[in-house]
Amino acid sequence: MKRLLIVDDDMDFLQLLCSILEKQFEVYTATGVKVAMQVLNTSVIDAVCSDFNMRDGTGLDFLKQLRRDHPEIQFCLCLALMIRPLPVTRKAMELYL
């Protein structure tokens, strides 16, 4: 079974995603970037699904760390609510791709 790390500081949304995805994945959770990096450094993870706006950093900040330390892990960035347009830079797109 594939191991998925879900990163979101909204506990209700985190629990909802877990309940949906736990039938197909071994699900790990983190409530922010710092906790997510701890999980990645102590567990074998195949893929990450991360929120964009979190209290301790953004999904792009997290993606930079993930690409540096664990480039083999697949990554999905989730945007639940956008208050203003997200500035997309070439560097951000290169990190994501």
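It should be noted that the structure appears before, not after, this text.
Residues numbered from 1 in each chain as written. Predicted model: local features only at pLDDT ≥ 70, side-chain atom pairs only at ≥ 80, totals over all residues. Heavy atoms only, no water.

Caption draft 1: A look at the environment of Arg55. Note on placement: Arg55 falls in the loop between strand 4 (53-54) and strand 5 (57-58). Placed 45 residues apart in sequence, Arg55 and Asp10 show a C-alpha to C-alpha distance of 9.9 Å. (Helix = DSSP H or I, 4+ residues; strand = E, 2+ residues; numbered from the N terminus.)

Caption draft 2: A look at the packing of helix 2 (residues 33-42) against helix 3 (residues 59-69). Between helix 2 and helix 3, the least distance of the axes is 11 Å, while the angle of their chain directions is 20°. For the element pair helix 2 / helix 3, the angle class is roughly parallel. As helix 2 runs across helix 3, the sense of the crossing is right-handed. Each of Val33, Ala36, Met37 and Leu40 in helix 2 lies in contact with helix 3, whose residues at this interface are Phe62, Gln65, Leu66 and Asp69. (Axes fitted to C-alpha atoms, helices over the stretch in contact; angles between N-to-C directions. Parallel < 35°, antiparallel > 145°, perpendicular 65-115°, else oblique. Left-handed = near helix turned anticlockwise from the far one by under 90°. Contact = heavy atoms within 4.5 Å.)

Caption draft 3: A look at a nonpolar patch on the surface. A grouping of Phe13, Leu16 and Ile20 is seen on the molecular surface, where their side chains present a nonpolar patch of about 260 Å² in accessible area. Inspection of the secondary structure assignment puts Leu16 in helix 1 (residues 11-21). (Patch = residues over 30% accessible without salt bridge, like charges linked within 9 Å, V, L, I, M, F, W, Y side chains within 5 Å. Areas by Shrake-Rupley, 256 points an atom, 1.4 Å probe, with all protein chains shown as cover. Salt bridge = Lys/Arg side-chain N within 4 Å of Asp/Glu carboxyl O.)

Caption draft 4: Spotlight on helix 1. Among all positions of helix 1, only Leu14, Leu17, Cys18 and Leu21 are buried. Along the long axis of helix 1, the arc covered by the buried residues comes to 100°, so they all point the same way. Exposed residues lying more than 90 degrees from the buried face of helix 1 are Asp12 and Gln15. For helix 1, the elements touching its buried residues are strand 1 (3-7) and strand 2 (26-30). You can read the cap of helix 1 off the contacts: a side-chain oxygen lies 3.0 Å from the backbone nitrogen of Asp12, and it is on Asp10. (Buried < 20%, exposed > 50% of the residue type's maximum accessible area, 1.4 Å probe, protein only. Arc of directions from axis to C-beta. Polar contact = N/O pair within 3.5 Å; in protein donor to acceptor, adjacent residues only side chain to side chain.)

Bear in mind that shape data such as this cannot, by itself, settle questions of function.
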